[in-house]
Structure formats: structure tokens, C-alpha cells
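What follows is each chain in one-letter form.
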Amino acid sequence: MDQTATGHACAIKTASGGLVSAAWCIEQFAPVLAGLSHLSEADVARPELLIYEETIRSKHVQIYYTPFDRSIDPDVRVILVGVTPGRQQLHRAVQAAQAALAAGRSPEEAVREAGRTASFAGAMRKNAVAMLDAIGLAEALGITSTSTLFGEHAGMCATTSAICHAVFVNGENYSGDAITRRPVFRDFATRVLGAQLQGAPDALVVPFGKAATEAVQLSIESGRVAAAGAWWASPIRPVGTATASSSSNGSGRAWRPRSGHGRRAEGAKPGGEHALGHGCTPELASVPRTTLAVMDWLDRVAKLRQWKSNEVRAPHKPLLLLYALGSFQQDADSELRYSVVEEELKRLLVEYGPPNPTTPAYPFHHLVSDGVWEVRTDRGQGSPGTGIRVLRSSGATGRLVPELRKALTKEPSLLGRMARVLLDVNFPPSLHTDLCEAVGLDLELAETAPVAGLLGEAETAARRQRDRRMREMVLTAYEFQCAFCGYDGMLGASSVGLEAAHVRWWSYDGPDEVDNGLCLCSLHHKLFDKGILGLGEGHRILVSQRFVGRSEASRQHVLALAGRPVIGPQSGVPSVAERHREWHSREVFHGEPRATAAGTAVPTG
């Protein structure tokens, strides 16, 4: 498309030049979006949205218009920088913009709505929250969790990408490879990203992963950001104007903040004079200046490649990695011989994995591809495959890769942060303590390890928390009593021992909504998340045949629940949505349900 002068002001138009066209904005694409129909995520990359393509050697690069708001409020405190919107984000953004336009909203309002809906959406948002909470950003901002940056505290944060439109290479989501070498990618980083960052001079910039960090560095090298006097505190180091320094950011270049920006002045105390400009607090200035290596490891564990099909849980790799971290904590030089640890890994998969039987041979071999795990046999380096017999007979042993072992030794707090990300991304909080005990991981010790430059004087990582309103909404809906047993204990005016349970786990995109919640006592919440209890058709309670209890207490508090109807919610409040109930029955509930006291079976649905 040709560059087109219009009356619409946005970062794309303002920063256009080189290979970036001023026409790549909502004013030009509003009619196009309105005319698209029958969009699915698989075919959202329509020819009408294609704005650029090139083929170099065997790589076919395509860039598709993505209707995000490119403006950044100058008063935001944090800017999150990804690599590029993926197919899922493109699809959600297009749908949101179409709906807004159809409702008579202006093009500018449409892209703002699309940004709120689709930016860092899906698993990307979940991973981002886990990583940001793990490095202590929520604590520095004075909020309970960085998840609120996408809701209640959205005004504190802006999100953008190194390349602000969706990029596909050979039809797949672009991962950031060679981001600073392709001219079109360089133009996006220096012109568009640079202009966006320039507009918020007191914001903390947090790039996600190596490619996003390189793009931020490139925007600084271009002179566009430093010329505005901006200060930078990214996962590599605080940066502003390049100067000679003995500190390396991993790319052979060293950076220090320019005078008067980016770091508290020598001797400055919280609440006193600091060198950050008017918009940045001393508390935010003490946000971890996390090294690129630390953020890179957190990024890797948050994005472990897991088999996905029809929303099936596949926590095999996270379980193995948690087990490996527990072993490392006890003995940094330990190796895990497959034939020795096979039974323990099997038990972990049975207890914390999906209901369908599986083998630890798969994660033992496939975790190698994520760059955190290595396997060797009696014949040398390299995994022999996923065959159980060959893993046993070849003497296959696995351990964390040398680079990760070195990073864990250099930065003791990294182990706790990695474990926290793995737990938050893959399992509900009710299972975290038991799971750590099962893998031999002392999480409290790991999270209170001395921190080298991560949280300043703080020595503990911020715990990720869900939306606190979820608990209040769910307990109110069920009138402050357990939906399974009716327990309604109070201590003074406060309920005690009652919790809001997610039916579809929050770590698997379960929403913080009443129709995805149950008010349960602590016991039944734990059993529900372990798959011992479930919800059958007609919202009747399921009890797994795998549960064994011989005492009167077990019979009364668990076995007798089989077939009982759920208590609540109160009139006018939605009960558990069928899609969430079905997910729990399929992905969490273990085995077949027990018959009721009358001898009839409760269908799982």
C-alpha cells in the first residue's frame, strides 16, 4: 500500500518512513475490517489485511494489519514490550474492532477496544503475569498482582510490540529470529517502537525475551529515544545513553543511564530526591534490574512447548522440570537416571497429570527441545528417544543444561522464581504446597534466597494473586457455605475455612467469573483440584473410585457426597457453566465416579 496522508493521528502515521507506511492505520482499514466475515483463528490472515511480504531464501515473511491502538499515555508507569501479535491476538483484535465498528464506535475507539481485548491475550497474558510477579513488579507498583494491569490498574500500564502488526514466517507465528537484521523489522523497531517509548519518558520498559530486548536496544541506538531524554530500566540493565562501561548486556554493548535519568542518585533515600524525573517514584526505581539471562530463563519456563489438542492438559514437562529443580536444590551436581526416577515420575503424573495414563519417557526426551534440559546415555551426549526400554537399557540420565545450572548457582533466587512461574502457569494454588513436597522442593527456602539486584532490599518474590473480587463474588453467590457439605464457619464477622475454587483452572484460561466458581471448604477445595471430587450432570457431586477412605470421617466427609446435588448458588446467580464443568470432568477428575448410596451412577457428562 502507498503512504497516504490523512487527518488521523497515530504512532504509525507519525513514525512512518522507510518501509513503514502511514497507510497502515485504522483509518485506512476500518472499511476493510467491516467487510470481513466468517473469520476463524485459523484463517484470520486474510489477503485484505496483508500489508507487507517478502521472501528471502526459504523464509516467506508476511505482515498483517492488526487493529491495536498505537498510542501510549505519557503518564503510564510500565510499558510491556512483546515481539509481535500472534495469530490468536490478531483474531481477537479483529473481532473486537469489528464489533466496536458495528456498534457505531469511531475507528479510534475501535482500536482501543481491540487493544484492551487482545493485547497479551490468552496464554501470553498468563505467562506475562507469572513472570512479572516473579520478578517483584507487583510489589514495586504497590498492587496485589500484575494481572490487575490488564484490568483494575490498566491505567498504570501500556503494552506494545517490537513489530506492532502480526508477523508470520512460512505461515507460523514469528518468534523474533533476526529481528534486528531484516530492514522492515528494523524500521518498525526504530521508528514505531521508538516513537511509542519516546512518548512516555518516565515509564519502566520491560521487554519479554531476547528479541524484544534487542528491539528496545535498537530503538535506543537509533537515537530516537535518548534524544527525548527518556530513561530505561529493562530486563537487561537500566539504559539511556550509551557510555563506556565494564557491564555487558550480553550483546557486546554496555549501557548506563544518562545523567539525571533511570536510576536513583547516589545516596538518595526512598521518598527523598532521586534522579528519575517527575513521573517516577523511588519505589518503582527500585524495581529489579533483572539481567537478560534471568528474564530469559523465566521466559523459557513460562513458554515450555506442550502438546495441545482440544484444551487437553499436558503438564508433563513442567512436572519433570519441577522435579529437576527440587533435585538441584538438594544436590547441584545430581543427575537423574531414568531407570531410577521412572517410578517417582510416574507417581507425579498419576497424581498431578491428566486423567489419561501416560509415561514419563515423553517429557524426559522432549524437554531437551526447550533448552533447559539435557540427556546423555552410556554412549555419550543425546537422548535415545522416547522408548521406555531404550531409556532404561542405555543408562539415560537427565539434568538441567550447564547454562541454567550456572545461572542458578550465580543467582540463588532464580530457582524460586522459576518454580513459582511453573506452578502459577500450570497448577491451581491449592496444589502448590503438596506438589513442592512431592518433588522435594523447598519453595520457602528458594524464595527467600539472597537476591542479587532483583528486588533491592526486598528478599521475597511477590506471590501472584487472582482477582480478589472473585472470592467475594463466589462466597456471596453461595451464601458463605460450602457447596458440597454446607460448612459455614465464621470467626466473628469473617468466614473461615471457605475458599473460591475455580472449576476450570485459572492457569488454563479459567475466568474469574461466578459461573466458573464454587464456594468450597478447604478440604473439598483440595479434593476438587486433585480430581477426587467433581461435578456430574445435573450439578451432582462426583466421587472418584480411586479414593479410598476407611474411617468414619472419610465416609462422612467424602464418600457420602456421591450423587448429592450441589448446594446453591442463590436465586438469580448463574450456576457453573456447562463448558467449565465439562473441562473439569475431562481434564481433572480421575477415574470413574462411585455409585450413590442408592447404588446408581452419576453421569460425568
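Residues numbered from 1 in each chain as written. Predicted model: local features only at pLDDT ≥ 70, side-chain atom pairs only at ≥ 80, totals over all residues. Heavy atoms only, no water.

Looking at helix H2 (residues 26–35), one finds that the buried residues are Ile26, Phe29, Ala30 and Leu33. Mapping the buried residues of H2 onto a view down its axis gives an arc of 130°, with all of them on the same face. The outward face of H2, more than 90 degrees from its buried face, is lined by the exposed residues Pro31 and Gly35. Those residues of H2 that are buried lie in contact with strand S1 (50–56), helix H3 (87–102) and helix H4 (107–118). (Buried < 20%, exposed > 50% of the residue type's maximum accessible area, 1.4 Å probe, protein only. Helix = DSSP H or I, 4+ residues; strand = E, 2+ residues; numbered from the N terminus. Arc of directions from axis to C-beta. Contact = heavy atoms within 4.5 Å.)

Our focus in this paragraph is the confidence of the model for the chain. Taken as a whole, the chain shows an average pLDDT of 78; of its residues, 78% reach a score of 70 or greater. Note that residues 1–8 has pLDDT below 50 and, in this model, 26 contacts with residues that lie over four places away or in other chains. (pLDDT = per-residue confidence, 0-100.)

Turning our eyes to something else, we now look at the pairing of strand S2 (residues 59–64). In this sheet, S2 lies alongside S1 in antiparallel orientation, the contact comprising six bridges. Counted as the bridge partner of Tyr52 is Ile63 from S2. Between the end of S1 and the start of S2, which pair antiparallel, lie two residues, with Arg57 showing a positive phi angle near 55°. In terms of strand pairing, S2 meets strand S5 (residues 166–169) through four bridges, oriented antiparallel. Pairing of Ile63 across the sheet is with Val167, part of S5. (Pairing = 2+ DSSP bridges.)

Attention now goes to the pairing of strand S7 (residues 204–207). Here S7 shows two buried faces, one formed by Leu204 and Val206 and the other by Val205 and Pro207. In this sheet, S7 lies alongside strand S3 (residues 78–82) in parallel orientation, the contact comprising four bridges. For Val78, the partnering residue across the bridge sits in S7 and is Leu204.

Okay, the pattern of salt bridges next. Within this structure, the stated rule accounts for 16 salt bridges. Arg555 is the partner of Glu552 in a salt bridge, and the nearest nitrogen-oxygen pair spans 3.2 Å. Of this pair, Glu552 and Arg555 both sit in helix H21 (residues 552–557), three residues apart, which is roughly one turn of the helix. Using a relative accessible area of 48% as the deciding quantity, one classes Glu552 as partly exposed. Taking the relative accessible area as the measure of exposure, Arg555 reaches 38% and is therefore partly exposed. Between Glu578 and Arg581 there is a salt bridge, with its nearest N and O atoms 2.6 Å apart. (Salt bridge = Lys/Arg side-chain N within 4 Å of Asp/Glu carboxyl O.)

Attention now goes to the sheet that holds strand S4 (residues 157–161). A sheet is described by the order of its strands in space; here three strands give the open sequence S4-S3-S7, paired in parallel fashion. Both edges of this open sheet fall to S4 and S7, since each of them pairs with a single strand only. Between one strand axis and the next, the sheet turns through 20° on average, direction left out of account. Taken strand by strand, helix H7 (residues 183–198) contacts S3, S4 and S7, and its axis lies near 170° from that of S4. Strands in contact with helix H8 (residues 209–221) are S3 and S7; relative to S7, the strand with the most contacts, it is inclined by about 135°. (Axes fitted to C-alpha atoms, helices over the stretch in contact; angles between N-to-C directions.)

For the rest of this paragraph, the subject is the environment of Phe328. Residue position: Phe328 is located in helix H11 (residues 316–330). For Phe328, a relative accessible area of 11% gives the class buried. Considering only alpha carbons, one finds Phe328 and Gly440, 112 residues apart in sequence, at a separation of 9.8 Å.

Next up on the list: empty space enclosed by the protein. If you walk through the whole model with that rule in mind, you get four cavities of 30 Å³ or more. Taken together, Ala324, Ser327, Phe328, Asp331, Ala332, Ser334, Leu336, Trp373, Gly398, Arg399, Leu400 and Arg405 form the lining of the largest cavity. Elements supplying a minimum of two residues to the lining of the largest cavity: H11 and strand S15 (397–400). Classifying every residue of the lining of the largest cavity by side-chain character gives six nonpolar, three polar and three charged. (1 Å grid on protein atoms, 1.4 Å probe; cavity = no way out; pocket = protein on both sides within 12 Å on 5 of 7 lines; lining within 4 Å. Points joined across faces, edges and corners; volume = space filled by probe spheres on them. Nonpolar A, V, L, I, M, F, W, Y, C, P; charged D, E, K, R; others polar.)

This paragraph deals with helix H16 (residues 413–426). If you check H16, its first and last C-alpha atoms are 20 Å apart, about what 14 residues at 1.5 Å a residue would give, namely 20 Å. Among the 14 residues that make up H16, 14 are buried, leaving the element largely enclosed by the rest of the structure. (Expected span 1.5 Å × (residues − 1).)

This brings us to the environment of Lys126. Mapping Lys126 onto the fold places it in helix H5 (residues 123–134). Classification of Lys126 as buried rests on a relative accessible area of 15%. The spacing of Lys126 and Ser147 is 21 residues in sequence and 8.1 Å in space, taken between C-alpha atoms.

One pass over the structure, following the stated rule, counts nine aromatic pairs. Seen from their ring centres, Trp505 and Trp583 are 6.0 Å apart, and the 65° between their planes marks the pair as edge-to-face. Placement of Trp505 in the loop between strand S18 (498–502) and strand S19 (517–521) and of Trp583 in helix H22 (residues 578–587) is noted, with a sequence separation of 78 residues between them. Exposure class is identical for Trp505 and Trp583. Each is buried. Here the aromatic residues Phe120, Phe150 and Phe208 are joined through ring pairs into a cluster of three or more. Seen from the ring of Phe168, Arg87 lies directly overhead, with NZ or CZ sitting 4.4 Å from the centre. (Phe/Tyr/Trp six-rings, centres within 6.5 Å; stacked < 30°, edge-to-face > 60°. Lys NZ or Arg CZ within 6 Å of the ring centre and 35° of its normal.)

What follows is about a nonpolar patch on the surface. Together, Tyr487, Leu491 and Val496 make up an exposed nonpolar region whose accessible area comes to about 280 Å². Note that Tyr487 resides in the loop between helix H19 (468–477) and strand S16 (490–491). (Patch = residues over 30% accessible without salt bridge, like charges linked within 9 Å, V, L, I, M, F, W, Y side chains within 5 Å. Areas by Shrake-Rupley, 256 points an atom, 1.4 Å probe, with all protein chains shown as cover.)

If you walk across this open sheet you meet the four strands as S1-S2-S5-S6, and the pairing is antiparallel. With partners counted over all chains shown, the strands left at the sheet margins are S1 and strand S6 (172–173), one partner each.

Counting through the fold element by element, Thr84 comes out in the loop between S3 and H3. Within the structure, the side chain of Thr84 is placed 2.7 Å from the backbone oxygen of His165, a separation counted as a polar contact. Setting aside residues up to four positions removed in sequence, Thr84 forms contacts with Ser161, Ile163, His165, Ala166, Val167 and Tyr174. (Polar contact = N/O pair within 3.5 Å; in protein donor to acceptor, adjacent residues only side chain to side chain.)

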